[in-house]
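# Descriptive structure summary
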Amino acid sequence: MSGWHIGVIGGSGLYDPGALDDAQEIAVESPFGQPSGPITTGTLGGVKFTFIARHGAGHVLSPSHVNFRANIDVLKRAGVTDVLAISAIGSLREEMAPGSFVAVDQLIDRTVGGSGGRERSFFGDGIVAHVPLADPVCPRLSDLAAAAAEKAGATVHRGGTYVAIEGPQFSTRAESHLYRQWGADVIGMTAMPEARLAREAELPYALVGMVTDYDCWRDAAEDVDVADIVRVMGENADKARALLTELAAALPPERTASPIDTVLDTAIITPREKWSTEAALKLDAVARRLVDFFPKAKD
Ligand SMILES: CSC[C@H]1O[C@H](OP(=O)(O)O)[C@H](O)[C@@H]1O
Ligand SMILES: Nc1ncnc2[nH]cnc12
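Residues numbered from 1 in each chain as written. Chains lettered and ligands numbered in written order. Predicted model: local features only at pLDDT ≥ 70, side-chain atom pairs only at ≥ 80, totals over all residues. Heavy atoms only, no water.

The feature "site: Important for substrate specificity" (unreviewed entry), as given by UniProt, occupies Ser171 and Val226 in the numbering adopted here. In three dimensions, the annotated residues from a span of 56 residues occupy one location, with a maximal C-alpha spread of 13.1 Å. Relative to the elements of secondary structure, Ser171 occurs in the loop between β9 (161-165) and α3 (173-182). Discounting chain neighbours no more than four positions away, the residues touching Ser171 are Ile165, Ser176, Tyr179, Ile187, Asp215 and Cys216. With respect to the element layout, Val226 can be found in helix α5 (residues 226-250). (UniProt positions renumbered as here; feature names shortened; annotations may be inferred. Helix = DSSP H or I, 4+ residues; strand = E, 2+ residues; numbered from the N terminus. Contact = heavy atoms within 4.5 Å.)

Time to look at the packing of helix α1 (residues 68-77) against helix α4 (residues 191-200). For the pair α1 and α4, interaxial distance at closest approach is 9 Å and the crossing angle is 40 degrees. Judged on the interaxial angle alone, α4 and α1 are oblique. Regarding α1 and α4, the two cross each other, and that crossing is right-handed. Counted together, Phe68, Arg69 and Ile72 of α1 and Pro193, Glu194, Leu197 and Ala198 of α4 form the full contact between these two elements. Here the contact of α1 with α4 is built from residues that sort into five nonpolar, no polar and two charged. (Axes fitted to C-alpha atoms, helices over the stretch in contact; angles between N-to-C directions. Parallel < 35°, antiparallel > 145°, perpendicular 65-115°, else oblique. Left-handed = near helix turned anticlockwise from the far one by under 90°. Nonpolar A, V, L, I, M, F, W, Y, C, P; charged D, E, K, R; others polar.)

In total, this model carries 17 salt bridges according to the counting rule given. The shortest N-O distance in the salt bridge between Arg255 and Asp82 comes to 2.7 Å. In this pair, Arg255 sits in the loop between α5 and α6 (277-282) while Asp82 sits in strand β5 (residues 82-91), placing the two residues 173 residues apart along the sequence. Accessibility expressed as a relative area gives 0% for Asp82, which makes it buried. The partner of Arg120 in a salt bridge is Asp109, with the nearest N and O atoms 3.5 Å apart. Linking Arg120 in the loop between β7 (106-110) and α2 (139-151) with Asp109 in strand β7, this pair joins segments that are 11 residues apart in sequence. By relative accessible area, Asp109 is classed as partly exposed at 21%. (Salt bridge = Lys/Arg side-chain N within 4 Å of Asp/Glu carboxyl O. Buried < 20%, exposed > 50% of the residue type's maximum accessible area, 1.4 Å probe, protein only.)

Moving on, we get to the site of ligand 2. In the vicinity of ligand 2, the contacting residues are Ala88, Ile89, Gly90, Phe170, Ile187, Gly188, Met189, Thr212, Asp213, Asp215, Val224 and Ile229. Between ligand 2 and Ala88 there is a distance of 3.4 Å, counted from a nitrogen atom to a backbone nitrogen or oxygen. Between a nitrogen atom of ligand 2 and a side-chain N or O atom of Asp215, the distance comes to 2.9 Å. For ligand 2, whose unbound accessible area comes to 260 Å², protein coverage reaches 95%. Looking at the shell around ligand 2, the elements with two or more residues in it are β5, β10 (186-188) and β11 (205-214). Top contributing element to the shell around ligand 2 by residue count: β5, with three residues. Grouping the amino acids of the shell around ligand 2 by side-chain chemistry returns seven nonpolar, three polar and two charged. (Near = heavy atom within 4 Å. Polar contact = N/O pair within 3.5 Å; in protein donor to acceptor, adjacent residues only side chain to side chain. Areas by Shrake-Rupley, 256 points an atom, 1.4 Å probe, with all protein chains shown as cover.)

Let's shift gears to the pairing of strand β1 (residues 5-10). Most of β1 is tucked away: six of the six residues are buried. On β1, burial covers both faces: His5, Gly7 and Ile9 on one face and Ile6, Val8 and Gly10 on the other are all buried. One ladder, built from six bridges, connects β1 with strand β4 (residues 47-53); its direction is parallel. The partner of His5 across the bridge, within β4, is Lys48. Bridge analysis of β1 against β5 gives five bridges, and the strand direction is parallel. Each bridged residue has a counterpart across the sheet, and for Ile9 the counterpart in β5 is Ala85. (Pairing = 2+ DSSP bridges.)

A separate point is the side chain of Arg241. Secondary-structure assignment places Arg241 in helix α5. Looking at Arg241, its side chain comes within polar contact range of the side chain of Asp238, at 2.8 Å. With residues near it in sequence (within four places) discarded, Arg241 still touches Gly13, Leu14, Asp16, Pro17 and Gly18.

Have a look at this one:
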């Protein structure tokens, strides 16, 4: 095996990964609560893939109610090395038309926790860590995913700033204009805190967005409409699945280390002797590498 194990988080419209070889559906428990559903693991072209549907089967979880910590924790627990998120996004730019894909490279977080909680860190309760997030997206995985999307037949914009709003309501027209002035290119409700948590779990993260609509900045008469979004999502879901097959074919034969794989080495500020055992026990997947009382893979 190549060392790659790609975790895929399927967003609106992508509730299954398509046909994986040796597919198995597994319900994995997390100390951080209920993930959105079972994971599906299998291989594509000999590469390991593990999939989770972000909003659950049947899209029952709103962005505020997705347990992002549990989702990232179960992917890490499954042995994933890199996370590719696939999302429906609104466009804030004329040239990013519905139907095209955007390989996002920057994020603005306007989420507020909402009614569901949307916890944004694995740390802070007995062990404090501050990971760097200047570049929240892994360029290696993002480039590979963008190329795979092109091979799958999509028009791909490489680079774009995604503003994450709390939702579940779409934005007001004033907000939409404001986000454009801030330099945001696309809009969604889920990339944060997902990207923050992937970084804390030492998982390189990339996000490919499928543009489903122009947000309401463009046309004073029009609102964003879920029915239109669902239609465009339906038209693009197969392309997103084809992207996974193309990605499997294009991954370098061996995964070389990423700086993100060891980002916690310099991020935990609480001295070891002060760590709460309870907090450390919950990090048995996320920070297994660093918690000395867990057996390591080589033990
Ligand atoms: C169905 S439109 C709004 C919904 O779609 C996006 O979800 P995801 O990022 O999981 O594809 C957006 O963020 C909202 O949650
Ligand atoms: N216009 C929009 N705003 C927020 N999230 C979205 N997801 C898809 N389209 C969106």
